[in-house]
Every structure is written in structure tokens, then in C-alpha cells.
Amino acid sequence: MNIKEYLGYWAEKYKNDLLTDIFPFWIKYGVDRVNGGYYTCVDRDGMLYDPTKSVWFQGRFAFVLAYAYNHIERNEEWLALSKSGIDFIERYCTDSDGRMYFEVTADGTPLRKRRYLFSESFAAIAMSEYAIASGDRTYAEKALALFKLILKYKNTPGLTEPKYLPAFQAKGHSLCMILINTASRIRAAIHDEVLTQQIDESIDEIRQHFMHPEYRALLETVGPNGEFIDTSAGRLINPGHCIETAWFLMEEAAFRNGDKALLETALTILDWSWEWGWDTEFGGIINFRDCRKFPAQDYSQDMKFWWPQTETVIAALYAYQATGDEKYLEMHRQVNEYMYARFPDSQYGEWYGYLHRDGTVAQPAKGNLFKGPFHIPRMMIKAHLLCRELMA
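Rules used in this analysis
- Residues numbered from 1 in each chain as written.
- Predicted model: local features only at pLDDT ≥ 70, side-chain atom pairs only at ≥ 80, totals over all residues.
- Heavy atoms only, no water.
- Helix = DSSP H or I, 4+ residues; strand = E, 2+ residues; numbered from the N terminus.
- Rg over C-alpha atoms; globule rule 2.2 N^0.38 Å.
- Buried < 20%, exposed > 50% of the residue type's maximum accessible area, 1.4 Å probe, protein only.
- Contact = heavy atoms within 4.5 Å.
- Areas by Shrake-Rupley, 256 points an atom, 1.4 Å probe, with all protein chains shown as cover.
- Lys, Arg positive; Asp, Glu negative; His and termini not counted.
- Charge placed at Lys NZ, Arg CZ, Asp CG, Glu CD.
- Pairing = 2+ DSSP bridges.
- Phe/Tyr/Trp six-rings, centres within 6.5 Å; stacked < 30°, edge-to-face > 60°.
- Lys NZ or Arg CZ within 6 Å of the ring centre and 35° of its normal.
- Axes fitted to C-alpha atoms, helices over the stretch in contact; angles between N-to-C directions.
- Left-handed = near helix turned anticlockwise from the far one by under 90°.
- Disulfide = S-S within 2.5 Å.
- Expected span 1.5 Å × (residues − 1).
- Salt bridge = Lys/Arg side-chain N within 4 Å of Asp/Glu carboxyl O.
- Core = buried A, V, L, I, M, F, W, Y, C linked by side-chain atoms within 4.5 Å.
- Parallel < 35°, antiparallel > 145°, perpendicular 65-115°, else oblique.

A. A look at the overall build of the chain. The secondary structure content of the chain amounts to 12 helices and 12 strands. By the compact-globule yardstick of 21 Å for 392 residues, the chain fits well, its C-alpha radius of gyration being 20 Å. Counting only C-alpha atoms and orienting by the principal axes, one finds that the chain spans roughly 55 × 55 × 40 Å. By the burial criterion, 58% of the 392 residues in the chain qualify as buried. The long-range share in the chain, meaning contacts at least 24 apart out of those at least 6 apart in sequence, stands at 66%. Summing over all exposed atoms, the chain offers an accessible surface of approximately 16,100 Å²; the carbon and sulfur share of this is 50%. Within the chain, one finds 43 positive and 53 negative side-chain charges whose respective centroids are separated by 1 Å.

B. The arrangement of the sheet that holds strand β3 (residues 110–112) in detail. Across the sheet, which stays open at both edges, the 3 strands sit in the order β1-β2-β3 with antiparallel pairing between neighbours. What marks the edges here is a single partner per strand, and that holds for β1 (53–54) and β3. Sheet topology note: the strand β2 (residues 103–104)/β3 ladder contains 2 bridges and is antiparallel. Counterpart to E103 in the pairing with β3 is R112.

C. Spotlight on the packing of aromatic side chains. Following the criterion strictly, the structure yields 31 aromatic pairs and no others. Between W274 and W278, the ring centres sit 4.7 Å apart and the planes meet at 10°, which makes this aromatic pair stacked. One exposure class covers both W274 and W278, and it is buried. The cationic tip of R60 hangs over the ring face of F57; the distance from NZ or CZ to the ring centre is 5.0 Å. R99 extends its terminal NZ or CZ atom over the ring of Y153, reaching a point 5.5 Å from the ring centre.

D. Geometry of the packing of helix α6 (residues 173–187) against helix α8 (residues 239–255). Running from amino to carboxyl end, α6 crosses α8 at an angle of 35°, the nearest separation of the two axes being 10 Å. The hand of the α6/α8 crossing is left-handed. Note on element contacts: α8 touches α6 through H241, C242, E244, T245, W247, F248, L249, E251, E252 and F255, opposite H173, S174, M177, I178, I180, N181, S184, R185 and R187.

E. Spotlight on the state of the cysteines. Taken as a whole and assessed by the stated rule, the structure comprises 0 disulfides. C41 takes part in no disulfide bond, and the closest cysteine sulfur, belonging to C93, lies 14 Å away.

F. Molecular detail of helix α10 (residues 306–323). For α10, built from 18 residues, the straight-helix expectation of 26 Å at 1.5 Å per residue is met to within 8% by its first-to-last C-alpha distance of 27 Å. Counting buried positions along α10 yields 15 of 18 residues, so the element is predominantly enclosed.

G. Seen up close, the pattern of salt bridges. Across all of its chains, the model carries 32 salt bridges by this definition. The salt bridge involving K327 is made with D271; its shortest N-O contact spans 3.5 Å. Placement of the pair is K327 in helix α11 (residues 326–342) and D271 in helix α9 (residues 260–277), with a sequence separation of 56 residues. Of the residues examined, K327 reaches a relative accessible area of 41% and is grouped as partly exposed. Connected through salt bridges with shared partners, the residues R187, D200, E252 and R256 form a single ionic network.

H. Summary view of unusual backbone geometry. For R216, which is not glycine, the phi torsion reads 50° and is therefore positive. Looking at the element boundaries, R216 is found in the loop between β5 (211–212) and β6 (217–218).

I. A look at the nonpolar core. Ranked by size, the top nonpolar core spans 133 residues in total, and within it Y14, F23, M250, L270, W351, M379 and M380 carry the most contacts. The element best represented in this core is helix α2 (residues 55–71), accounting for 12 residues. When near neighbours in sequence (up to four residues on either side) are disregarded, Y14 contacts V313, H332, N336, Y340, M379, M380, A383, H384 and C387.

J. Spatial organisation of the side chain of E311. Along the polypeptide, E311 turns up in helix α10. On the basis of relative accessible area, E311 is assigned to the buried category, the value being 0%. Setting aside its immediate chain neighbours within four residues, E311 contacts G240, I243, E244, W247, H375 and R378.

K. Region of interest: helix α4 (residues 118–134). Taking 1.5 Å per residue as the helical rise, α4 with its 17 residues ought to reach 24 Å, and the 24 Å between its terminal C-alpha atoms agrees with that figure. α4 sits mainly inside the fold: 15 of its 17 residues count as buried. G135, located one to two residues past α4, shows a positive phi value of around 80°.

L. Representation of the sheet that holds strand β10 (residues 304–305). Pairing is antiparallel in the open sheet, where 3 strands are placed in the order β10-β11-β12. Each end of this open sheet is capped by a strand with a single partner; those strands are β10 and β12 (361–363). Direction of pairing for strand β11 (residues 354–355) relative to β12: antiparallel, over a ladder of 2 bridges. Following the sheet pairing, Y354 is matched in β12 by Q363.

M. Spotlight on the environment of I381. When you line up the elements, I381 lands in helix α12 (residues 375–391). The exposure class assigned to I381 is buried, which follows from its relative accessible area of 0%. Spatially, the C-alpha atoms of I381 and R256 are 22 Å apart, while their sequence positions differ by 125 residues. If we ignore the near neighbours within four places in the chain, the residues touching I381 are L18, V64, Y67, A68, H71 and I72.

N. Layout of the packing of helix α5 (residues 137–155) against α6. Where α5 meets α6, the axes come as close as 10 Å, and the angle between the chain directions of the two elements is 160°. Classified by the angle their axes make, α5 and α6 are roughly antiparallel. Considering the relative orientation of α5 and α6, their crossing is left-handed. Within the contact between the two elements, α5 uses A143, L144, F147, I150, L151 and K154 and α6 uses L175, L179, T182, A183 and I186.

Structure follows, in C-alpha cells:
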């Protein structure tokens, strides 16, 4: 099969799997027709095993539905279901301080609030994407206001409880990277200088603080000014997060008319993270590594989760598009083959989320508070679009 045939096959495969497998599963089993919003804690066959709702996924699925409406087909059911998630967020998931909860009951009673700003980030991208889909600019304005609230809490000392006691001064990669994607998604719906300003700040922070060439690694936790912390937490590499960051940067480089320096940063992160993450014995992207090659402490350190594989598919296609280097097409082939051979459930539909290192299923549930309709459908939409662009 030549390259054009390869890309054409996968362009249609991704779209078909989204329309005939992933969306039908979650629309049937995940949509709450009584209270609005979505469930994600469903077993292998779609049976609800816990009615607790992830606030992350009210935003995440609402975003994906609107994103599919904008880029796959103008399906009015998807648009209505996207609004259902946003309505649920606005009605039940926002505290009096403007911050959002982490989990709520089926009918929206708050259960838990965390220090992290991810619920707000996912709500913001849902609102901005829905604004594009519906033509209702008020949702873009809401997304921008929410982004500015995120920055207020991020940048004001004392507003959010620190993760560690004062003896341990550190910062994490997660918020830095997610703000790139959040700002870029909002920017597609509404203009404000604060969006590109935050992207610039995140790029500088990634380059100057989180990238450590001495280990050929982007680290998850560093000191306030990027200092290397020689502990298990400070040595941690999360290859999936790093690869996701890489494609966020490649997407931004393309937006900036092919910014060569930014593209080089992104490709460096991708290459480093592939070296750390790809399991040469069993295949797949491994969960965690230690940059000094000590054992990683996390109990799931050698497992294969669904989302690092999907993020690598996107990153590899972006890299091939930007460079024409066939090593990235080979990267796509390797991770794609691994992913499709092990994660899809041919009997009940949708995908498993958690594999042991050898690729056997660790647990068969299709969702929980962290796994649901986001990484897989987002990958299918973006990979479909990238394959189509590459064919052209």
C-alpha cells in the first residue's frame, strides 16, 4: 500500500469508527436524558455502575460533540447534546466563587472540588466550540471570561491551595500545557490578546523550565524556575503528556505560518518522548519513566493507557505533515497498529482504557471519572482531518 492509499484508508477508518462505534456507544449509554449532561462510569457493556458525574467530562464531551459538528457533519443531535453538557455545567457545576467542582451527583449535587483548574479549562473549550457551531457569540464570551478567571486563580498567590507544604517548592507541567490548547480553542471563537499572551508564556515555560536536555526529557515537575529536583516526583517523565504537548506546539507553529523555531521545539519533545515512551519489547507508549532510570513510583508505571496512544497518533501525523520525514509516518504506523490491535472491544463496542504492559486487558470498564468520550473521539476527528490534508 502506498502512502496515499495508507492515508486514505485511515482517514475513512477514523471517521467510520467515530460514527459507527464511539459516538453511538456514548450517546446510548452516556447521555443523561433526565438531568442533562453525561455519565462516564459505565461497564464494558455500557451498564452504569456509578451515577457520579465527572465535571471534566461535561466539558470534554460537550467540546467533542461541537467539534465533530464543526468538522465532520452538521448533525443537529450532536449540537443539542453539546448544549446539554454546557447547560449542566452552568446550572450545577459552578461554585459561588466561579470555580467548578470535580464531581457531582447525577442531579448535580456537588460532591468534590479540587485545587486544579482543569474542570474550568474543559468547560471553556466546550463553550468556545459550541459558539462556533451554534453561531451564538455569548458562549465565546463566557469561554473568554472563564479563561480569565483561570488565569486569576493561576497567577494570584494564595488563591489556590498549594499541592505541597512550603518545604517543597515546585510547579507542574500539566496546567502549563493545557492552557496552550485551551487558549487556542477559545481563540478560534473570539479574539483577545490575553489568549496569545498565555500561549507565549506557556511556550517559554516549557522551553526554559520543563525541557531538560541533559536527560533528553520534558519533566512533569520542576522547581519554580525550572530547577531539577532529584526526587521521584522531580525525575518523572509522562511520555503521553509530553507527546500531547508536542502536537499542541505543532498546531500553534502551523497557526503562526510555520514558525520554524516552535516546530523544532515540538519535534524535539516528540523525539525525546518517543525514545522514553515507546516500549520496544511489547509495543505501545508506557505510562511513566524516571529520567535517571530509577523505578518510577506510580503503581501504573508500566501500564499502557488508552490516551497516550491516541495523542501519539495525532502528534505523528502533525510531525509528518510539517516535515515530510517518513520516520513520523512509521511512528504513526507503529502506535496505530498497537492501539487498534488491543484497545477496541469487538464484542460490545468502544475501547478498553487500561492494559497491562504485555497488552492484556487490566480492567474492562469503558469509562470512569477520567476515561470517557474525549481522547479517542478527538483523535479520530483530528486524525481524519490530518490524513485528508496530507492526501491533498
